[in-house]
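# Observations on the three-dimensional arrangement
Listed below are the residues making up each chain.
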Amino acid sequence: MKSGKTSVHSFAERIRGLVQSDIRRMTRECERLGGINLGQGICDQPVPDLLKESAIAAVRGDLSIYSKFEGIDALRQRIAEKMAEYNGIRCHPDREVVVTVGSTGGFVAACLALVDAGEEVIVFSPFYGYHVNILRLCQAALKFVTIHPPDWRFDPKELERAFSDRTRAVIINTPSNPCGKVFSREELDFIASLCQRHDALAITDEIYEYILYDGHRHVSIGSLPGMEDRTVTLSGFSKTYNMTGWRLGYAVGAAALMEKIGLLNDLLYICAPTPLQHAVVTAFDLAPSYYERLRADYARKLAVTCEACEEIGMRPFRPQGAYYLLVDVSGLGLSSDLDAANFLLTRAGVASVPGSSFHASPLDGKQQVRLCFAKQDAHLEEACRRLRRLAASPR
Ligand SMILES: Cc1ncc(COP(=O)(O)O)c(C=O)c1O
């Protein structure tokens with residue numbers, strides 16, 4: 001308890017040290033300069049027509065009131081079917097699925113429901129900033145384990161040392177943002193064995209599960225033997241169907257965990273947007289060719305972006321999945337990631353994100369920037385043209 005009354009302009013202890021991410025700062029700067037934004041992870045591609053039509057029908061049909069806090073029955077049913085087919089996870093649609101406000105809403109509800117202040121949570125670095133900041137909001141004690149470029153492997157010994165009987169959870173993000181790592185079955189088996197040995201949970205963010213390159217396959221740790229009762233799997237519609245603003249995701253896990261995650265979902269949000277829940281039921285009617293084309297489109301965009309980077313002396317670390325590219329910028333001859341990001345924005349009109357913001361040790365990202373290539377072809381090609389022009393210009 002604090003002694004005395006706090007002044008109106010002081011803030012809760014739990015947000016101490018939290019700051020707006022570099023991503024938003026770069027976006028604002030990019031807008032000011034009229035640049036092309038390859039910084040923020042926003043996909044500017046259209047929502048499939050089927051889903052747009054379903055959303056219009058749901059709004060016209062006045063499907064506008066709160067749903068059950070865990071989401072509408074039809075959607076949970078289709079999510080459970082997809083989890084069995086694609087993720088190899090059997091779950092009960094009524095007790096083991098909660099529709100959330102984006103996968104982020106699911107992550108917030110899971111962390112608040114499961115992680116107490118001071119409990120240890122293992123996070124791989126480079127990391128997705130929201131994971132770390134939300135865990136900080138929960139006052140978790142973070143332990144970082146490095147995944148190393150260029151092939152983004154972790155040292156099993158380092159991970160083993162990070163686990164202890166104080167470990168409450170490990171956070172997995174596969175395919176990952178920012179480095180595009182796709183955790184292999186062997187790696188997940190190893191992590192699963194540590195979770196079981198130390199009685200820890202796995203909270204896994206699989207929002208990019210359909211975006212994979214070079215024959216990499218998506219494996220869900222929740223499908224591995226012994227992980228059924230200790231895994232919360234998060235995914236959603238934002239990335240696969242280009243609808244980051246619709247704010248629809250879901251959490252899947254054992255009934256005992258989901259009961260409390262559902263309770264938190266209710267307290268925080270009441271429910272996910274109802275008409276849009278009705279609309280995304282039809283996402284599960286899309287043919288397999290939709291997902292094949294998604295992968296092929298991103299593979300082409302990745303190739304174009306890598307080529308432009310290489311032409312100006314930047315070295316991309318090839319991702320295995322997701323739609324980001326971490327790039328080694330030491331070839332630009334600048335002293336930091338910040339200078340490199342400013343250089344790319346002011347001289348080429350292309351926004352990126354300084355790499356140090358993704359690493360537990362900022363020095364690890366001192367010569368990296370992140371580019372997001374989930375852009376319409378015309379925008380991406382223009383961004384690449386602008387980058388290539390740098391080859392001819394003096395530093
Ligand atoms: C790893 C990761 N998880 C979650 C999200 C956000 O997902 P949602 O829109 O479902 O909240 C993002 C968005 O960039 C992301 O990169």
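Residues numbered from 1 in each chain as written. Predicted model: local features only at pLDDT ≥ 70, side-chain atom pairs only at ≥ 80, totals over all residues. Heavy atoms only, no water.

### Overview of the sheet that holds strand 11 (residues 324-328)
Rule in force here: Between any two strands, pairing holds if DSSP finds at least two bridges. We count a stretch as a helix when DSSP gives it H or I for four or more residues in a row; a strand needs E for two or more, and each element gets its number in order from the N terminus.
With respect to topology, four strands assemble into an open sheet ordered 10-11-14-13, the strand pairing being antiparallel. The sheet terminates laterally at strand 10 (315-317) and strand 13 (353-354), the two strands that pair on one side only. Both strand 11 and strand 14 (residues 368-372) contribute to a ladder of five bridges, which runs antiparallel. From the neighbouring strand, Val327 faces strand 14, where its bridge partner is Val369.

### Some words on the site of the ligand
Note the threshold: Here a residue is near a molecule or strand as soon as one of its heavy atoms is found within 4 Å of it. Polar contact is defined as a pair of N or O atoms within 3.5 Å, subject to the rule that within protein one atom must be able to donate a hydrogen and the other to accept it, and that residues adjacent in sequence are counted only when both atoms are side-chain atoms. The protein chains shown are the only cover counted for residues, whose accessible areas, like all others here, come from Shrake-Rupley with a 1.4 Å probe. Classification convention: Asp, Glu, Lys, Arg as charged; Ala, Val, Leu, Ile, Met, Phe, Trp, Tyr, Cys, Pro as nonpolar; all other residues, Gly among them, as polar.
Neighbouring the ligand are 13 residues; Thr104, Asp205, Tyr208, Ser238 and Arg247 lie closest to it. In the environment of the ligand, an oxygen atom lies 2.8 Å from a nitrogen or oxygen atom belonging to the side chain of Lys239. In the environment of the ligand, an oxygen atom lies 3.5 Å from a nitrogen or oxygen atom belonging to the side chain of Tyr324. Summarising the interface, the protein chains cover 92% of the accessible area of the ligand, which totals 400 Å² for the free molecule. Considering every element that reaches the shell around the ligand, the biggest residue donor is helix 4 (residues 102-114), with three residues. Partitioned by chemical class, the residues of the shell around the ligand number four nonpolar, six polar and three charged.

### Observations regarding the domain arrangement of the chain
Our working rule: An automatic or database domain assignment supplies the residue ranges for each domain. The quantity reported as buried area is the accessible area (1.4 Å probe) lost by two parts once they are put together, taken as the sum for both.
You can read the domains of the chain as domain 1 (13-47 + 288-390) and domain 2 (61-285). The gap between the C-alpha centroids of domain 1 and domain 2 is 25 Å. When domain 1 packs against domain 2, close to 3,200 Å² is buried across both sides, 57% of that on carbon and sulfur atoms. A per-residue breakdown of the area domain 1 buries against domain 2 is headed by Tyr291, Arg295 and Gln320, which together make up 22% of the total.

### What about helix 8 (residues 255-269)?
Residues three or four positions apart in an α-helix share a direction because the helix packs 3.6 residues into each turn. Heads up, the rule is: To estimate how far a helix should reach, multiply one less than its number of residues by 1.5 Å. Whether two residues touch is decided by their heavy atoms; if any such pair falls within 4.5 Å, the residues are in contact.
In this model helix 8 runs 20 Å from its N-terminal to its C-terminal C-alpha over 15 residues, within 8% of the 21 Å that 1.5 Å per residue would give. In this structure, the buried side of helix 8 is in contact with strand 2 (97-100), helix 4, strand 7 (201-205), strand 8 (231-236) and strand 9 (249-253). With its phi angle positive at about 70°, Ile270 sits one or two positions after the end of helix 8.

### Overview of the nonpolar core
Convention followed: Residues belong to one nonpolar core when they are buried, are Ala, Val, Leu, Ile, Met, Phe, Trp, Tyr or Cys, and are joined through side-chain atoms within 4.5 Å. Per-residue accessibility, obtained with a 1.4 Å probe over protein chains only, is compared with the maximum for each type, and a residue is labelled buried under 20%, exposed over 50%, and partly exposed between these values.
Counting 73 residues, the largest nonpolar core has Phe237 and Tyr323 as the members making the most contacts within it. Ranked by residues supplied to this core, first place goes to helix 10 (residues 288-311) with eight residues. Looking at which domains feed residues into this core, each of domain 1 (13-47 + 288-390) and domain 2 (61-285) supplies at least three. Ignoring any residue separated from it by four or fewer positions in sequence, one finds Tyr323 in contact with Gly41, Cys43, Tyr208, Ile211, Tyr213, Lys239, Tyr298, Leu371, Cys372, Phe373 and Ala374. Core analysis: the second largest hydrophobic core is formed by 27 residues, Val121, Leu135, Ala169 and Leu257 among them.

### Some points on the pattern of salt bridges
What counts is decided by this rule: Salt bridges are defined as contacts in which a side-chain nitrogen from Lys or Arg sits within 4 Å of a carboxyl oxygen from Asp or Glu.
Counted according to the given criterion, the structure contains 27 salt bridges. For the salt bridge of Glu160 with Arg197, the shortest nitrogen-to-oxygen distance reads 3.3 Å. Of this pair, Glu160 sits in helix 6 (residues 156-162) while Arg197 sits in helix 7 (residues 185-197), and the two are 37 residues apart along the sequence. Assessed through its relative accessible area of 31%, Glu160 is described here as partly exposed. Note that Arg300 is salt-bridged to Asp297, the shortest N-O span being 3.2 Å. Here Arg300 pairs with Asp297, and both are found in helix 10, just three residues apart, close to one helical turn.

### Comments concerning a nonpolar patch on the surface
Filter applied, for reference: Each patch is built from salt-bridge-free residues with over 30% relative accessible area, joining like charges within 9 Å and nonpolar side chains (Val, Leu, Ile, Met, Phe, Trp, Tyr) within 5 Å.
On the surface, Leu112, Leu263, Leu267 and Leu268 cluster together to form a nonpolar patch covering roughly 380 Å² of accessible area. Considering every element that reaches the nonpolar patch, the biggest residue donor is helix 8, with three residues.

### Observations concerning the packing of aromatic side chains
We count it as follows: To pair, rings of Phe, Tyr and Trp, with the six-membered ring standing in for Trp, must have centres within 6.5 Å; the planes then decide the type, stacked if under 30 degrees apart, edge-to-face if over 60, and tilted in the middle. Whether a charge sits over a ring depends on NZ of Lys or CZ of Arg being within 6 Å of the ring centre and within 35 degrees of the ring normal.
All chains considered together, the criterion is met by 20 aromatic pairs. On the basis of an interplanar angle of 85° and a centroid distance of 5.2 Å, the ring pair of Tyr290 and Tyr291 is categorised as edge-to-face. By relative accessible area, Tyr290 is classed as buried at 12%. Seen in terms of ring centroids, Tyr298 and Tyr323 are 5.3 Å apart; in terms of plane orientation they differ by 45°. Their pairing is tilted. Of the two residues, Tyr298 sits in helix 10 while Tyr323 sits in the loop between strand 10 and strand 11, which places them 25 residues apart along the sequence. For the pair Tyr298 and Tyr323, a shared accessibility class is recorded, and that class is buried. Through successive ring pairs, a cluster of aromatic residues spans Tyr86, Tyr210, Phe237, Tyr241, Tyr250, Phe284, Tyr290 and Tyr291. One residue, Lys181, lies across the ring of Phe183, its end atom 4.8 Å from the ring centre.

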